[in-house]
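Letter by letter, the chains look like this.
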Amino acid sequence: MNDKEQSRLEKLQQVGSFFSERLDRSDLLLLLRHDGEIRQAILQMVDQPAEAVTEPDEPDCTEEESFCPSETQVSVVEPPRLAYRLPAEPAVPPARDSWREELSPELELLAWVQADEALCAAWLGQPDETAARQLVRLIAVASQWEQVLLLWDRFAARCKQEQRPASMTERQILKRCLALHNLIWQGRQACLQQALPGADYEPRQHDRGTVRGDTVSAEWLPGLLNAAGQLQKKPLVRT
């Protein structure tokens, strides 16, 4: 609040100042912001139910009534009535889509498969289906162990042909499909088999993506152990 507003507020707060001059909009806003009594009075008005107010009839002034103000007398201005509005009912927040939240890993898997042209054609194959039906089809396919093994073969072939490790998306697809397959089991789980860089290359434990070498220098694709703990796919490594 600047000096001008401070001076005006002090003048308005003087006793009887409301009746000496008209209040404009800026005066009302100034009082509402900085006058505690005015704000308290408005809060009391809001808390109490509004009552109908009957306006008194204006007295008929005659020549005998000496108290009637003349044109030269200062007219008494009734303090303006402050209109108020009851607070609106709070908006009800929309209900959360709990199904979509719980299926977020599967929906993310669907997006990855849709972005992989070869995998999309092999597993989904119905471009005119809705996303919901494609999600059902994906879960039905990816939960089968034979399809998980075929998925590993597909990714391993890419790695060998392109001489590279599996991408992060390919690893995540394999991991999510393995999680879907594990929903079938209780008490035992299929899992990934990791290969540690620096270990000796062992043909019974590793699948080599390069021609030669006796030491594992990098893992290109983790292997697969079935729910019985049997090694079904050896980790693909670079030597």
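The shown structure was predicted, so the numbers you read here are calculated from the model rather than taken from an experiment. (Residues numbered from 1 in each chain as written. Predicted model: local features only at pLDDT ≥ 70, side-chain atom pairs only at ≥ 80, totals over all residues. Heavy atoms only, no water.)

Help me understand the overall build of the protein, please; the structure alone is not making it clear to me.
When helices and strands are tallied, the protein shows nine helices and six strands. Residues classed as buried in the protein amount to 27% of the 239 residues present. Considering only contacts in the protein between residues 6 or more positions apart, those separated by 24 or more positions represent 61%. Within the structure as shown, the protein displays about 17,300 Å² of accessible surface, and the carbon and sulfur contribution to it stands at 52%. (Helix = DSSP H or I, 4+ residues; strand = E, 2+ residues; numbered from the N terminus. Buried < 20%, exposed > 50% of the residue type's maximum accessible area, 1.4 Å probe, protein only. Contact = heavy atoms within 4.5 Å. Areas by Shrake-Rupley, 256 points an atom, 1.4 Å probe, with all protein chains shown as cover.)

Which parts of the structure should I look at to understand unusual backbone geometry?
The phi angle of most residues is negative, glycine excepted, and most peptide bonds adopt the trans form. Of note, the phi angle at Q163 is positive, near 50 degrees, even though the residue is not glycine. Checked against the element boundaries, Q163 lands in the loop between α8 (145–162) and α9 (168–182).

Can you walk me through the packing of aromatic side chains in this structure?
Remark: the centre distance and the inter-plane angle together describe each pair of aromatic rings, the angle taken between the planes. With the rule as written, the count across this model stands at zero aromatic pairs. Note that R208 overlies the ring of Y201, its terminal NZ or CZ placed 4.4 Å from the centroid. (Phe/Tyr/Trp six-rings, centres within 6.5 Å; stacked < 30°, edge-to-face > 60°. Lys NZ or Arg CZ within 6 Å of the ring centre and 35° of its normal.)

Would you mind showing me how to read the sheet that holds strand β1 (residues 191–193) here?
In a beta sheet, neighbouring strands pair by backbone hydrogen bonds and run either parallel or antiparallel. Within the open sheet, the three strands sit side by side as β1-β4-β5. Their pairing is antiparallel. The open sheet has two free edges, formed respectively by β1 and β5 (231–233), since each of these has just one partner strand. On average, each strand axis in the sheet is tilted by 40 degrees relative to the strand beside it, whichever way the strands run. Strand direction decides the pairing type here: strand β4 (residues 223–225) and β5, joined by two bridges, are antiparallel. (Pairing = 2+ DSSP bridges. Axes fitted to C-alpha atoms, helices over the stretch in contact; angles between N-to-C directions.)

Please explain helix α7 (residues 131–142) as it appears in this structure.
For an α-helix the count is 3.6 residues per turn, leaving residues at separations of three or four pointing the same way. Taking 1.5 Å as the rise per residue, α7 with twelve residues should run 16 Å; its terminal C-alpha atoms sit 16 Å apart, in good agreement. Of the positions making up α7, those classed as buried are Q134, L135, L138, V141 and A142. On an axial view of α7, the arc spanned by its buried residues comes to 135 degrees, and they lie on one face. In this structure, the buried side of α7 is in contact with α5 (104–115), α6 (117–123), α8 and α9. (Expected span 1.5 Å × (residues − 1). Arc of directions from axis to C-beta.)

Would you mind showing me how to read the pattern of salt bridges here?
The full count for this structure, using the stated rule, is ten salt bridges. In this structure, D207 and K160 form a salt bridge, with 3.4 Å as the shortest nitrogen-oxygen distance. With D207 in strand β2 (residues 207–208) and K160 in helix α8, this pair connects stretches of sequence that are 47 residues apart. (Salt bridge = Lys/Arg side-chain N within 4 Å of Asp/Glu carboxyl O.)

What should I look at first to understand the environment of K234 in this one?
With respect to the element layout, K234 can be found in the loop between β5 and β6 (236–238). On the basis of relative accessibility, which here comes to 31%, the residue K234 falls in the partly exposed class. Sequence separation between K234 and G223 is eleven residues; the distance between their C-alpha atoms is 4.5 Å. One polar contact links the side chain of K234 to the main-chain carbonyl oxygen of P203, over a distance of 2.8 Å. (Polar contact = N/O pair within 3.5 Å; in protein donor to acceptor, adjacent residues only side chain to side chain.)

Would you mind going over the sheet that holds strand β3 (residues 218–221) with me for this structure?
If you trace the three strands from one edge of the open sheet to the other, you get β2-β6-β3, paired in mixed fashion. Looking at the sheet topology across the chains shown, the edges are occupied by β2 and β3. The sheet contact formed by β3 and β6 spans three bridges and is antiparallel. When the bridges of β6 are listed, L221 appears paired with L236. Each of β2, β3 and β6 is contacted by α8, which is oriented at about 130 degrees to β3, the strand it contacts most.

What is the right way to look at the side chain of E170 in this model?
By the secondary structure assignment, E170 is in helix α9. The residues contacting E170, other than those within four sequence positions of it, are F155, R158 and R164.

Looking at this structure, how should I read the side chain of H206?
Mapped onto the secondary structure, H206 falls in the loop between β1 and β2. Ignoring anything within four residues of it in the chain, the contact list for H206 reads A195, D200, Y201, V216, K234, P235 and V237.

Can you walk me through the confidence of the model for the protein in this structure?
Should the pLDDT be low somewhere, the predicted coordinates at that spot are not to be read in detail. Chain-level pLDDT for the protein is 80 on average; 68% of the residues reach the 70-or-more range. Contacts from residues 50–56, a stretch scored under 50 in pLDDT, to residues over four places away or in other chains number two contacts. A low-confidence stretch, residues 61–74 (pLDDT under 50), is modelled with four contacts involving residues beyond four sequence positions or located in other chains. (pLDDT = per-residue confidence, 0-100.)

Help me out: how do you make sense of the packing of α5 against α7 in this one?
When two helices pack together, you describe them by how their axes are tilted relative to each other and by the distance separating the axes. Close contact between α5 and α7 brings their axes to 10 Å; oriented N to C, the two are set at 95 degrees. Of the possible angle classes, the one that applies to α5 and α7 is roughly perpendicular. In this structure, α5 contributes E106, L107, L109, L110, V113 and Q114 to the contact, and α7 contributes A131, Q134, L135, L138 and I139. Here the contact of α5 with α7 is built from residues that sort into eight nonpolar, two polar and one charged. (Parallel < 35°, antiparallel > 145°, perpendicular 65-115°, else oblique. Nonpolar A, V, L, I, M, F, W, Y, C, P; charged D, E, K, R; others polar.)

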